[in-house]
Amino acid sequence: MSKVPEDFPRFTPAATIPGAQLKFIARKIDGRFVVGLTEEELYERWEYCEDLAQQLAARTQRKKAAGLISDFEVFYKETEQRVRGQGWDVTNDEVIWLMNRMRILAGSSQ
């Protein structure tokens, strides 16, 4: 397993439980309580988002080569809206990361 890039978002659980005592949300994995993602889960999240970014970058390059992108910023915003509307299992922070990654891969980091 290769290392997840430092700029890839790491989740912090946003769950709260009402009551007088401090509480946290955890899962029990192999007899240990885990808060947030394990290294394996983080790697899977990154791998999923990297694959999406690669696909979006290839699409962007094809459209650029065909002369179908007149204004990259408009194209970028439309693509981001489509990504958010797809129902893919990505968080807001992951969408931001994968769109930036798409720009880098497509050579459009304007």
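Placed above this text is the structure.
Residues numbered from 1 in each chain as written. Predicted model: local features only at pLDDT ≥ 70, side-chain atom pairs only at ≥ 80, totals over all residues. Heavy atoms only, no water.

Peer 1: How would you sum up the side chain of Thr38? Please name residues and give values.
Peer 2: Relative to the helices and strands, Thr38 is located in the loop between strand E2 (32-34) and helix H1 (39-65). Accessibility expressed as a relative area gives 16% for Thr38, which makes it buried. (Helix = DSSP H or I, 4+ residues; strand = E, 2+ residues; numbered from the N terminus. Buried < 20%, exposed > 50% of the residue type's maximum accessible area, 1.4 Å probe, protein only.)

Peer 1: So, the side chain of Glu80: which residues are in play, and what are the values?
Peer 2: Along the chain, Glu80 falls in helix H2 (residues 72-85). Reaching out from Glu80, the side chain makes a polar contact with the side chain of Arg84 at a distance of 2.9 Å. Once you skip the residues sitting within four places of it in the chain, Glu80 turns out to touch Val95 and Met99. (Polar contact = N/O pair within 3.5 Å; in protein donor to acceptor, adjacent residues only side chain to side chain. Contact = heavy atoms within 4.5 Å.)

Peer 1: Account for the nonpolar core, naming residues and giving values.
Peer 2: Most often, soluble globular proteins keep nonpolar side chains buried together rather than apart. Grouped together as the largest cluster of nonpolar side chains are 22 residues, with contacts concentrated most on Phe8, Leu98, Met99 and Met102. Elements with a contribution of two residues or more to this core: H1, H2 and helix H3 (92-106). When sequence neighbours within four positions are dropped, the list of residues in contact with Leu98 reads Cys49, Leu52, Ala53, Leu56 and Val90. (Core = buried A, V, L, I, M, F, W, Y, C linked by side-chain atoms within 4.5 Å.)

Peer 1: Describe the packing of H1 against H2, naming the residues involved and giving the relevant values.
Peer 2: The interhelical angle for the contact between H1 and H2, taken along N-to-C directions, is 145°, at an axis separation of 12 Å. The hand of the H1/H2 crossing is right-handed. Residues Leu56, Arg59, Thr60 and Lys63 of H1 form the contact with H2, whose participating residues are Phe72, Phe75, Thr79, Arg82 and Val83. Here the residues of the contact of H1 with H2 sort into four nonpolar, two polar and three charged. (Axes fitted to C-alpha atoms, helices over the stretch in contact; angles between N-to-C directions. Left-handed = near helix turned anticlockwise from the far one by under 90°. Nonpolar A, V, L, I, M, F, W, Y, C, P; charged D, E, K, R; others polar.)

Peer 1: Report on the environment of Cys49, specifying residues and quantitative values.
Peer 2: Secondary-structure assignment places Cys49 in helix H1. Judged by relative accessible area, Cys49 falls into the buried class, the value being 0%. Separated by 46 residues in the primary sequence, Cys49 and Val95 have C-alpha atoms spaced 8.1 Å apart. In this view, Cys49 contacts Phe8, Val90, Glu94, Trp97 and Leu98; residues no more than four positions away in its chain are not counted.

Peer 1: Give me the lowdown on the packing of H1 against H3, citing residues and values where you can.
Peer 2: Helices that pack against each other are described as a pair by the angle of their axes relative to one another and the distance between those axes. At their nearest, the axes of H1 and H3 sit 8 Å apart, and the two run at 45° to each other. The angle between the axes of H1 and H3 places the two elements in the oblique class. Considering how the two elements wind past one another, H1 and H3 form a crossing that is right-handed. Contacts from Arg45, Trp46, Cys49, Glu50, Leu52, Ala53, Gln54, Leu56, Ala57, Thr60, Gln61 and Lys64 of H1 reach H3 at Glu94, Trp97, Leu98, Met99, Arg101, Met102, Leu105 and Ala106. Here the contact of H1 with H3 is composed, by residue class, of twelve nonpolar, three polar and five charged. (Parallel < 35°, antiparallel > 145°, perpendicular 65-115°, else oblique.)

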